[in-house]
Structures are given as structure tokens and as C-alpha cells.
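Architecture at a glance
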Amino acid sequence: MVGMPRRGALLVLALLGTACPDDGGGEGADEGGTDAATSGGSEGDGSGGSAGSAADGTSGLDTSGGADADETGSDETGGGPGPEVLCDADGFEADGRAWSLPEMRFPLEDYADAPNEQLAGSWQCTNGQQYQHNLLDLTGDGVTDFLVRDACDEGGVGEENWLVFPGGTDGFGEATAWSLPALEFPLEAYPDTPLEQLVGSWQCTNGQQYQHTVMDMTADGRPDLLVRDACDEGGVGEETWLLYPGEDGGFGGPQPWTLPALEFPLEAYPDTPLEQLAGSWQCTNGQQYQHTVMDMTADGRPDLLVRDACDEGGVGEENWLLYPGEDGGFGDPQPWSLPALTFPLEAYPDTPLEQSAGTWQCTNGQQYQHTMLDVNGDRWPDLLVTDACDEGGVGEENWLLYPGGEGGFGAPGPWSLPALEFPLEAYADAPLEQLSGNWQCTNGQQYQHSVMDVTGDRILDLLVRDACDEGGVGEGQWLVYAGGEDGFAADPFAWALPELSLPLEDYADTTLEQLAGTWQCTNGQQYSHTVLDLSADGAIDLVVHDACDEDGVGATQWLLFDGLCG
């Protein structure tokens, strides 16, 4: 995740269970451009730890049930425009404090590592069933909760209710029941019920599919249960979706969410496009139709964004079509204006702006790259060009920012970039053409950065987590180039890191060069941490959820190094 526009939204994305791809026509793959832009540097974590890896084979993120590619559609879970400034953070507390965990009273198999050492996952029970949990703000108070969705098939968990351990100031509270609706659709008999998963696809007895997603559709900060396909019954996925709104203590009764009629020359698919939150479908004229569900209007409600309409009406070149989210459904389409890209791009069958992110070749042998995200913290998605065919210093001295606003993207302005004075290897592409990645240094070490809101003011910052092993970066501090009105600060400030007094194996790279990961300890156990705002004060925290099996970390408590608000 690049930005964290709403605290808690991070966990909805990072910790949703992902699963099998849909069987329908939605492909979601870019045509012409490539998605993850990583040329020059290698994405992901460096040597030493495996980012986000689970200790046991079944203890990673959810993998059962089925899911769409880009299922969540947005990096927000709603709530409308948030506070102006939550925080002005400048480091982590030197000393960690205990964050209490719920007691596991379920008949779990005996694992080397406790389930609470992971933020999300599935584990086997002694009765042959499964236990599953994840972190998610379910109650809408902005604080992350601990959600148990399957409790070894005991107590109706995953069928009649979930168990919610609400987040507080120093840990998770006592369990409360979160009521689930009765799904009266002709579903195939599965060992596990669909509502044990936050998202997925299941087969129906009539050969069709049932699909749901948990996400905030009503902008009240509470996730809702959204049924997008109901075994092809009741027009669900064609005329309406079924919305079970999040309320106090559970999901309410179903309400229709109206869908627009898509009057484009689409190929005949077994499943209609609007059964999916995102994807690509073929048109009868050989072109493509593409849509995404995400908040484009900064009101916290997801909108339906059509980025390619079978090459009709200039959609994907001059404008997009936006069906705004309203009370009870999507409204009438409105044009979302797109800028003219005057860069020497290769001729592609599809224009770059049919995609919200990607990389394309230029006629001069260089690359063009853009991403859509909120850069300046105003809740509107912006179009950010990070590489412009190596013209105008884009990707080296500045980026080009087309600010999102009412009706479309505005005129471009420069977003200033700092000079990186580290001993980097000579790459064809500059590191700052990428929002995150790893690059080699001339001293054999690594340089790593991420673009995210570190300081808590909603504006994206440039975070350097490894600086070729110079200046203690990644060990005693990070370097933060704070985001401002028109770019990153020229000079960084030091983000204080705590000293981890744990028996870690001797790695070439220190653990705190990574935002998340798992590392081996000298006692044969593991150390794991994740950076997220657990305490809901606006500042990112360092959450240690496994500490080499010391002090009950991962069993009765986590170790929380609070972000320091200025």
C-alpha cells in the first residue's frame, strides 16, 4: 500500500483474505502497459527477512473461498473527509508497551507458533475444522479490532455471527458477537460457510455463482456486507447489488444498491461485468470495457469508474465515465476529464489512461509511468506521473501531479523531489521513478524507499529505510522527506527507531530496514513486526507481534512502539 488516507483502511487491504480468481470475464490485466513498475530496482524486501511471511504453512493470509483481482477497489473504507491533521509524528517511542491479546480458547492444533503471532491467517483445529482471524475496524470508531471469523465451527461463528474483540487504548477488549445474515441462496454444500470469508466466490446448485465483499459502501466508517452475485437470482449483479449495512452489533437487513445499465457493445459473458468490483471485458468491436469501484469524489462513498468503454465516446483518452455513489446506489454517469499526455509514447492499441496505473514504452527507448492516488492529502485521487520518457527531469528532479478535483484532473504542476546523495549504482532509471523498491549501492549494500504518509498529516512523504548502510539508517533511524504543498522537503529529518534487544540471527540487513517481515532468532524461534497505526492516533506504530517467543509476545500480548505525535 502506498498511502494511508484513513487509519484502519490499511488493514482492510493488507489483511483481507485473498483467494481463487473469478471465473467470469473480468481480467483486470493492463493492456499495453505493465502494472508493477520496478525497473532499475527490485521490489519487495531485501535479504534477511521474508516480508509478511507466516511461520506455519496455514498461518498466512486467507486463501479460501475465492476473490476478485483488485477486489477492494479502493484504498479507503469510507468515512468521508477525515480530520484536518491527526498528528505530526517524528519517530517511534524508545520503549515498547504491552498491547493485550484475546485468549485463544479454541481447540487449535499444536503449532510451533501461536496464531496471535500473525495479524491474519487460517489455522487447523483438532476437530478437522479451521480457526481464522484478521484485523479490521468493524465497529466504525477508527480503532482496529480483532475479528474471529471461524472458531473451529464452534458457537455458530462464521454462520450466525463473528466474534469481535474491540480495539481500545492498550489492547483488544472482551469478545462481542457480530450478527450475520442468513444467506438464503441455493449454494452448494461447502465444508466452510461463505461468511467465514470477507470476500470470495462460491458455486450455486444452479451452476451460477454467489459472491460477496465486506467494504464500506455508505461512508459511515462501518464495513458493510455487499452481495454482488446471488446465483443469478433477483437481478443481483445486473440491476442491483444487495447491501447488508453495518450497524451496531452486526449487519442489518438487505437493501438494494442500484446499478446502472451498461449500454456498451459487450461480448456475451456468462457473468455480467457488474458482478465484479474491477476488471476488463471484451467488446464486440474487438476493444475492451474496464471498470473499477473506488471513491473518486472524496465523500467516502465508492463510485463506479468506467475507464474504457469499448473505445467509444473518448473514454480512456479524453475522459472517464463516473457513476457517483449515492444513497442506495450509483447515480447517472458524469464525465471525469483527463489530461492530454504530450509525451513521445509508443503507439499502443489502448491508451495509457485506460489504466489507473502502469508503465509504457516511449519512442526514445525510455518509459512513461503513472499512478492514481491521493498525493496531497485532500482525499481526491490525483494522477501522478513519475516518469515522462526521461523528459523535463520527471523522476529525477520532480514528478508531475495532475490534482484531482470536481469533475476531473487539473493542470499539471511539479512535485519536487529531493537529491538522493547516496552511493547508488548507475541505473538506467532513477530510483525516484518508482514509489517503492530496492536498489544496489556501490558499496555492496542497498538503498530502499517507500512513499507513504509517515507524519500523519495525510500528505505522502518519502521514507528512506536503508541508505547504503550509511548514517545508521535502518538501524537507529529512518530518513523522512516530509510531503508539503508542492513536493517533498529538500532535507530529511530523522525518524527515531527503537533498539530491539532481542536474540536475532546476524543478518546482512537489519530488521528495521523493512516495514513488515519475519526473521529468525538465535533460539530457533522467530521475530515479526508490522508498521501500522494500531493505536488510532494518526501516527504509524511499530507492532512487534512475535519476539523470539519472549515475554509472551504473540501469545498474551504484542509489543507496541507508539508513533510520537508532535
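Here the structure is shown first, and the text comes after it.
All of the points below concern the structure found in this document. (Residues numbered from 1 in each chain as written. Predicted model: local features only at pLDDT ≥ 70, side-chain atom pairs only at ≥ 80, totals over all residues. Heavy atoms only, no water.)

**Side note on the nonpolar core**
Formed by 26 residues in total, the largest nonpolar core has its most connected members in Trp-399, Trp-415, Phe-422, Tyr-447 and Phe-488. The set of elements that each furnish at least two residues to this core consists of strand S25 (398–402), strand S30 (446–452), strand S31 (461–467) and strand S32 (477–481). Element by element, the count of residues in this core is highest for S31, at 3 residues. (Core = buried A, V, L, I, M, F, W, Y, C linked by side-chain atoms within 4.5 Å. Buried < 20%, exposed > 50% of the residue type's maximum accessible area, 1.4 Å probe, protein only. Helix = DSSP H or I, 4+ residues; strand = E, 2+ residues; numbered from the N terminus.)

**Quick look at the pattern of salt bridges**
Inspection of every chain in the model, using the stated rule, returns 4 salt bridges. Note that Arg-105 is salt-bridged to Glu-103, the shortest N-O span being 3.2 Å. Overall, the relative accessible area of 65% leaves Arg-105 in the exposed class. Here Asp-327 makes a salt bridge to Arg-301, at a shortest N to O gap of 2.7 Å. In this pair, Asp-327 is assigned in the loop between strand S19 (325–326) and strand S20 (329–330) and Arg-301 in the loop between strand S16 (288–294) and strand S17 (303–309), connecting sequence segments 26 residues apart. With a relative accessible area of 69%, Asp-327 lands in the exposed category. Judged by relative accessible area, which is 18%, Arg-301 ranks as buried. (Salt bridge = Lys/Arg side-chain N within 4 Å of Asp/Glu carboxyl O.)

**As for unusual backbone geometry**
Of note, the phi angle at Asp-311 is positive, near 60 degrees, even though the residue is not glycine. Residue position: Asp-311 is located in the loop between S17 and strand S18 (319–323). Positive phi, normally seen in glycine, also occurs at Arg-458, with a value near 80 degrees. Locating Arg-458 in the fold gives a position in the loop between S30 and S31.

**Brief notes about the side chain of His-529**
One can find His-529 in strand S35 (residues 526–532). Of note is the side chain of His-529, whose polar atom sits 2.9 Å from the backbone oxygen of Gln-514. (Polar contact = N/O pair within 3.5 Å; in protein donor to acceptor, adjacent residues only side chain to side chain.)

**What to know about the packing of aromatic side chains**
One pass over the full model with this rule turns up 26 aromatic pairs. Look at Trp-123 and Tyr-131: their rings are 5.9 Å apart centre to centre, the planes differ by 45 degrees, and that puts the pair in the tilted class. With a centroid separation of 5.6 Å and an interplanar angle of 85 degrees, the aromatic rings of Trp-257 and Phe-330 are classed as edge-to-face. Taken together, the residues span a long stretch of sequence, with Trp-257 in strand S14 (residues 255–258) and Phe-330 in strand S20 at a distance of 73 residues. The burial state of Trp-257 is the same as that of Phe-330; both residues are buried. Members of the aromatic cluster, connected to one another through ring pairs, are Trp-99, Phe-146, Phe-165, Phe-172 and Trp-558. (Phe/Tyr/Trp six-rings, centres within 6.5 Å; stacked < 30°, edge-to-face > 60°.)

**As for a negative patch on the surface**
A contiguous patch of negative charge on the surface is contributed by Asp-153, Glu-154, Glu-159 and Glu-160. By the secondary structure assignment, Glu-159 is in the loop between strand S5 (145–151) and strand S6 (161–165). (Patch = residues over 30% accessible without salt bridge, like charges linked within 9 Å, V, L, I, M, F, W, Y side chains within 5 Å. Areas by Shrake-Rupley, 256 points an atom, 1.4 Å probe, with all protein chains shown as cover. Lys, Arg positive; Asp, Glu negative; His and termini not counted. Charge placed at Lys NZ, Arg CZ, Asp CG, Glu CD.)

**Considerations on the pairing of S35**
When you tally the buried positions in S35, you get 7 out of 7 residues, the bulk of the element. The two faces of S35 match: Gln-526, Ser-528, Thr-530 and Leu-532 on one face and Tyr-527, His-529 and Val-531 on the other face are all buried. As paired strands, strand S34 (residues 516–520) and S35 are joined by 5 bridges and run antiparallel to one another. The partner of Thr-518 across the bridge, within S35, is Ser-528. In sequence, S34 turns back onto S35 through a hairpin of 5 residues, with Gly-524 there showing a positive phi of about 85 degrees. Alignment of S35 against strand S36 (residues 541–547), held across 6 bridges, turns out to be antiparallel. Its bridge partner lying in S36, Tyr-527 is registered against Ala-547. (Pairing = 2+ DSSP bridges.)

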